[in-house]
Amino acid sequence: MDDLTEYKRLLCHSFTLLDVGGEPDPFTGGKDRSEWLPVAQNVPCRVSGSPGRIQQLTGRQATPQDFLMHTLYADLKAGMRLKIEQPEFAGNLYEVSLPYPVYGAESLHHYEVVITMIDPVTGEEPEI
């Protein structure tokens, strides 16, 4: 079994990725009536705590709202939002930070991304 096949077996979660979309709104003088629309669904990933790695990637202390996500999905961009599809994450919304590529011996292996839980209504980090 090759390294990538073994790695894929570790991706025990999945997510739905959301990005801003929408049409101009004629009732607000042409301002964009944007909304968060799904752009990818059932994308394999693995989500964990890993505060040391989060601090290493971000240069700041990890908060209780921060999680480290591993994925093979290449089209993540900072500022996108996602929902983890497993029941233990139900109802939570996360903001994506800058994805970091992780290289193996020969090529790109996967991406590590810090995701931060945000309030689904306000889009802000919840107070704890």
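Residues numbered from 1 in each chain as written. Predicted model: local features only at pLDDT ≥ 70, side-chain atom pairs only at ≥ 80, totals over all residues. Heavy atoms only, no water.

Undergrad: How should I be thinking about the pattern of salt bridges in this particular structure?
TA: Taken as a whole, this structure holds three salt bridges when the rule is applied. Its salt-bridge partner being Arg60, residue Asp66 comes within 2.6 Å of it at the nearest N-O pair. Take Asp66: its relative accessible area is 4%, and that puts it in the buried class. Note on Arg60: relative accessible area 34%, which makes it partly exposed. (Salt bridge = Lys/Arg side-chain N within 4 Å of Asp/Glu carboxyl O. Buried < 20%, exposed > 50% of the residue type's maximum accessible area, 1.4 Å probe, protein only.)

Undergrad: Just to check I follow, could you spell out the pairing of strand E3 (residues 66-71) for this structure?
TA: If a strand is regular, its side chains alternate between the two faces of the sheet. The element E3 is largely enclosed, with a buried count of five among its six residues. Sheet analysis places E3 next to strand E7 (residues 108-118), joined by six bridges and oriented antiparallel. Following the sheet pairing, Met69 is matched in E7 by Val113. (Helix = DSSP H or I, 4+ residues; strand = E, 2+ residues; numbered from the N terminus. Pairing = 2+ DSSP bridges.)

Undergrad: What's the story with the packing of aromatic side chains in this structure? I'm lost.
TA: The relation between two aromatic rings is expressed through the spacing of the ring centres and the mutual angle of the planes. The full count for this structure, using the stated rule, is three aromatic pairs. Look at Phe15 and Tyr73: their rings are 6.1 Å apart centre to centre, the planes differ by 90°, and that puts the pair in the edge-to-face class. Taken together, the residues span a long stretch of sequence, with Phe15 in strand E1 (residues 13-24) and Tyr73 in the loop between E3 and strand E4 (81-84) at a distance of 58 residues. Geometrically, the ring pair formed by Phe89 and Tyr94 is edge-to-face, given 6.5 Å between the ring centres and 70° between the ring planes. For the residue pair Phe89 and Tyr94, the accessibility class agrees, reading buried in each case. What links up through ring pairs into an aromatic cluster is the set Phe67, Phe89 and Tyr94. (Phe/Tyr/Trp six-rings, centres within 6.5 Å; stacked < 30°, edge-to-face > 60°.)

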